[in-house]
Amino acid sequence: MHALAARLRRLPPSCGPVRLIAVDGHAGSGKSTFAGRLAAALGGAPVLRLDDIASHERLFAWTDRLLAQVITPWSRGEDARYTPYDWHARTFGPPRPLPAAPVVLMEGVGAGRRALRPYLARLLWMELPREEAWARGRARDGAEQREFWTGWVEAERAHFAADPSRPHADLLVHQTPQGYEVLPGPAEALGPDQSLTQGDEPSAMW
């Protein structure tokens with residue numbers, strides 16, 4: 001994890017002064033946990049959770065909000081302010097600051113979408129089959145979210161059918177009993193022996 005963090009710090013900025021790292025994958029694939037651990041390895045890097053940007057009415061049609069509230073200010077070298085969505089109250093809360101830090105992680109389904117890729121320093125994909133990820137998500141959220149999950153699965157299928165992220169991923173992240181294994185993704189032209197396991201020094205620059 002620390003070796004991965006070190007490589008991400010050395011990337012050139014991708015959105016104003018920010019090295020924006022996207023962590024995408026199916027719902028339930030472990031994006032939030034991985035992003036939290038990577039943020040800690042980066043010395044407390046900010047994490048933008050796309051659950052704060054999406055809403056019940058716009059599960060995936062939130063690109064305009066993200067561009068206006070976050071991407072555009074960063075592109076000008078300014079700190080961002082966004083209004084996080086409260087999924088229980090079904091309303092947006094007060095503005096929350098998001099500094100233009102050297103590295104910022106953005107995690108959520110659709111983080112690697114077409115409209116955002118020009119602003120990304122790297123796109124990471126959580127490598128877990130969708131049915132397995134969805135089963136984990138349903139178990140995590142319980143019976144009270146059953147109806148929501150039915151609608152979510154349909155929406156996620158439609159999103160990735162129209163705007164897939166995985167083919168553009170720079171790195172694939174596998175969760176293992178020992179931690180995480182990070183392998184070159186479809187967007188990388190690296191050899192199959194060039195991989196990174198947690199705690200190891202990688203043999204290739206990303």
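Scroll up to find the structure this text is about.
Note that this is a predicted model, so its numbers are computed, not measured.

**Student:** Teacher, can you tell me more about the overall build of the protein here?
**Tutor:** Along the protein, the regular secondary structure elements total five helices and eleven strands. Out of the 206 residues in the protein, the part that is buried amounts to 50%. Contacts in the protein between residues far apart in sequence, at least 24 positions, make up 66% of those at least 6 positions apart. A total accessible area of about 9800 Å² is found for the protein, and carbon and sulfur atoms account for 52% of it. If you average the places of the 24 positive and of the 24 negative side-chain charges in the protein, the two averages end up 3 Å apart.

**Student:** I keep staring at the side chain of serine 14 and nothing clicks. Help me out?
**Tutor:** With respect to the helices and strands, the residue serine 14 is situated in the loop between helix H1 (2-9) and strand E1 (19-24). A polar side-chain atom of serine 14 sits 3.1 Å from the main-chain amide nitrogen of leucine 20. Among the polar contacts made by the side chain of serine 14, one reaches the main-chain carbonyl oxygen of tyrosine 119 at a distance of 2.9 Å. Every residue in contact with serine 14, bar those within four places of it in the chain, is listed here: Arg19, Leu20, Pro118, Tyr119, Leu120 and Ala121.

**Student:** Teacher, can you tell me more about the packing of H1 against helix H2 (residues 31-41) here?
**Tutor:** Packed helices, taken two at a time, are described by the angle between their axes plus the distance between the axes. It is the contact of H1 with H2, at a shortest axis distance of 9 Å, that shows an interaxial angle of 70°. Between H1 and H2, the angle is such that the two are roughly perpendicular. Listed contacts from H2 to His2, Leu4, Ala5, Leu8 and Arg9 of H1 are Phe34, Leu38 and Ala41. Its residues placed into classes, the contact of H1 with H2 shows six nonpolar, one polar and one charged.

**Student:** Help me understand the pairing of strand E10 (residues 179-184), please; the structure alone is not making it clear to me.
**Tutor:** Two faces make up the sheet, and in a regular strand the side chains alternate between them. Bridge analysis of strand E9 (residues 171-176) against E10 gives six bridges, and the strand direction is antiparallel. Each bridged residue has a counterpart across the sheet, and for histidine 174 the counterpart in E10 is glutamate 181. Here E9 folds back onto E10, and the loop between the two strands holds two residues.

**Student:** Sorry if this is basic, but what is going on with the pairing of E9 here?
**Tutor:** Relative to E9, strand E8 (residues 122-126) is paired through three bridges, and the arrangement is parallel. Bridging across to E9, leucine 124 finds its partner in leucine 171.

**Student:** What am I meant to see in the packing of helix H4 (residues 130-141) against helix H5 (residues 146-162) here?
**Tutor:** As a packed pair, H4 and H5 sit with axes 11 Å apart at the nearest point and diverge in direction by 150°. Here H4 is positioned roughly antiparallel relative to H5, judged by the angle of their axes. Considering the relative orientation of H4 and H5, their crossing is right-handed. Mapping the contact onto sequence places Arg130, Glu131, Trp134, Gly137, Arg138, Arg140 and Asp141 in H4 and Trp149, Val153, Glu156 and Arg157 in H5. In terms of residue class, the contact of H4 with H5 is made up of three nonpolar, one polar and seven charged.

Cut-off values and rules
Residues numbered from 1 in each chain as written. Predicted model: local features only at pLDDT ≥ 70, side-chain atom pairs only at ≥ 80, totals over all residues. Heavy atoms only, no water. Helix = DSSP H or I, 4+ residues; strand = E, 2+ residues; numbered from the N terminus. Buried < 20%, exposed > 50% of the residue type's maximum accessible area, 1.4 Å probe, protein only. Contact = heavy atoms within 4.5 Å. Areas by Shrake-Rupley, 256 points an atom, 1.4 Å probe, with all protein chains shown as cover. Lys, Arg positive; Asp, Glu negative; His and termini not counted. Charge placed at Lys NZ, Arg CZ, Asp CG, Glu CD. Polar contact = N/O pair within 3.5 Å; in protein donor to acceptor, adjacent residues only side chain to side chain. Axes fitted to C-alpha atoms, helices over the stretch in contact; angles between N-to-C directions. Parallel < 35°, antiparallel > 145°, perpendicular 65-115°, else oblique. Nonpolar A, V, L, I, M, F, W, Y, C, P; charged D, E, K, R; others polar. Pairing = 2+ DSSP bridges. Left-handed = near helix turned anticlockwise from the far one by under 90°.

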